[in-house]
Amino acid sequence: MTLRRIISIAAAGATAAALGLAMAPAASADDAGDCNYRYVCFYSGSGLTGTLKLEKAGNWSGNVSGIRSFFNNGAPEPNGADHVIVTYQYYTDSGSGPELSSKQRKCLHYGRADAGSMPGGWRNWGSVVTNIEWVNRWHSLCGG
């Protein structure tokens, strides 16, 4: 095999690889860390660090504490609901120790640009997530 043929084959492979990267979804596995595509993830540390404490692809209710950051790796419309309404509480100082705040609701948009922090609360204990509801972008809490 000639050197010209080897260079031609390598160039073709590089072009194919570049095209594959160009067609990757906006929220790729590389951007999302360990948060699976079409899931919303909640972490124990700020900036999507620490332990992955909760990862859900559908609606959910329960009680998970110590949440400090989130990432919505949902699929953009029209493929499905791409925004998440999260219901949460955080600890405040009642004067005699920690007390949970009233329930709050927040819209989490999809994608890395909207990865964010949950309230740290008293002594930075983090938030308690109690409900996840997948909605479309026209939901009133999401600006619709």
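Residue numbers run consecutively from 1 along every chain, following the written order of its sequence. With pLDDT at 70 or above as the cut-off, local features in this predicted model cover only qualifying residues; side-chain atom pairs require 80 or more to be listed or tallied, and sums for whole chains, interfaces and linings still use all residues. The side-chain figures draw on all heavy atoms in the structure; neither hydrogens nor water molecules are used.

Caption draft 1: The arrangement of the overall build of the chain in detail. Put simply, DSSP H or I for four residues or longer makes a helix, DSSP E for two residues or longer makes a strand, and each gets a number counted from the N terminus. The helix and strand tally for the chain stands at 2 helices and 9 strands. Taking all 144 residues of the chain together, 34% fall into the buried category. The criterion used for residue contact is that any of the two residues' heavy atoms lie within 4.5 Å. Across the chain, every contact between residues at least 6 apart in sequence was considered, and the portion connecting residues at least 24 apart equals 64%. To be clear on the numbers: accessible area is Shrake-Rupley with a 1.4 Å probe, and residue cover counts the displayed protein chains and nothing else. About 8,100 Å² of surface is accessible on the chain, with carbon and sulfur atoms providing 52% of the total. Per-residue accessibility, obtained with a 1.4 Å probe over protein chains only, is compared with the maximum for each type, and a residue is labelled buried under 20%, exposed over 50%, and partly exposed between these values.

Caption draft 2: Structural context of the pattern of salt bridges. For this document, the term salt bridge refers to a Lys or Arg side-chain nitrogen within 4 Å of an Asp or Glu carboxyl oxygen. A complete count under the given rule lists 1 salt bridge for this structure. With a closest N to O distance of 3.8 Å, Arg-105 and Glu-133 form a salt bridge. One end of the pair, Arg-105, is in strand S7 (residues 104-108); the other, Glu-133, is in strand S9 (residues 127-135), with 28 residues separating them in the sequence. A relative accessible area of 45% places Arg-105 in the partly exposed class.

Caption draft 3: A look at the sheet that holds strand S2 (residues 52-56). In spatial order, the strands read S2-S1-S4-S8; together these 4 strands make up an open sheet with antiparallel pairing. Only two strands of the sheet have a single neighbouring strand rather than two, namely S2 and strand S8 (116-117). Examined bridge by bridge, strand S4 (residues 69-72) and S8 share 2 bridges and lie antiparallel to one another. From the neighbouring strand, Phe-70 faces S8, where its bridge partner is Gly-116. Paired strands, as defined in this entry, are two strands with at least two bridges between them according to DSSP.

Caption draft 4: Fine view of the state of the cysteines. Here, two cysteine sulfur atoms that lie within 2.5 Å of each other are counted as a disulfide. Counted according to the given criterion, the structure contains 2 disulfides. Here Cys-35 is linked by a disulfide to Cys-41, with a sulfur-sulfur distance of 2.2 Å. Taking the torsion about the S-S bond as the criterion, the Cys-35 to Cys-41 disulfide, at about 90 degrees, is right-handed. For the residue pair Cys-35 and Cys-41, the accessibility class agrees, reading buried in each case.

Caption draft 5: Structural context of the side chain of Ser-101. Inspection of the secondary structure assignment puts Ser-101 in the loop between strand S6 (98-100) and S7. The residues contacting Ser-101, other than those within four sequence positions of it, are Gln-89, Tyr-90 and Thr-92.

Caption draft 6: The packing of aromatic side chains, seen in detail. Centre distance within 6.5 Å is the pairing criterion for rings of Phe, Tyr and Trp, where only the six-membered ring of Trp is used; planes under 30 degrees apart are then read as stacked, over 60 as edge-to-face, and the remainder as tilted. Under the criterion given, the structure shown has 2 aromatic pairs. Between Tyr-91 and Trp-125 the ring centres are 5.1 Å apart and the planes differ by 75 degrees, which places this aromatic pair in the edge-to-face class. With Tyr-91 in strand S5 (residues 83-93) and Trp-125 in the loop between S8 and S9, this residue pair connects regions lying 34 residues apart in the sequence. Relative to Trp-125, the ring of Trp-122 lies with its centre 5.0 Å away and its plane at 70 degrees, an arrangement referred to as edge-to-face.

Caption draft 7: Expanded view of the environment of Trp-122. With respect to the secondary-structure elements, Trp-122 resides in the loop between S8 and S9. A relative accessible area of 17% means that Trp-122 is categorised as buried. Separated by 22 residues in sequence, Trp-122 and Leu-100 place their C-alpha atoms 9.4 Å apart. Leaving out residues up to four positions away in the same chain, Trp-122 has contacts with Tyr-91, Thr-92, Asp-93, Gly-97 and Pro-98.

Caption draft 8: Just unusual backbone geometry, in detail. Of note in the backbone geometry, Leu-48 takes a positive phi value of approximately 60 degrees without being a glycine. Positioned with a positive phi, Arg-123 is a non-glycine residue whose angle comes to about 55 degrees. In this structure, Arg-123 sits in the loop between S8 and S9.

Worth remembering: the numbers are spatial, not functional.
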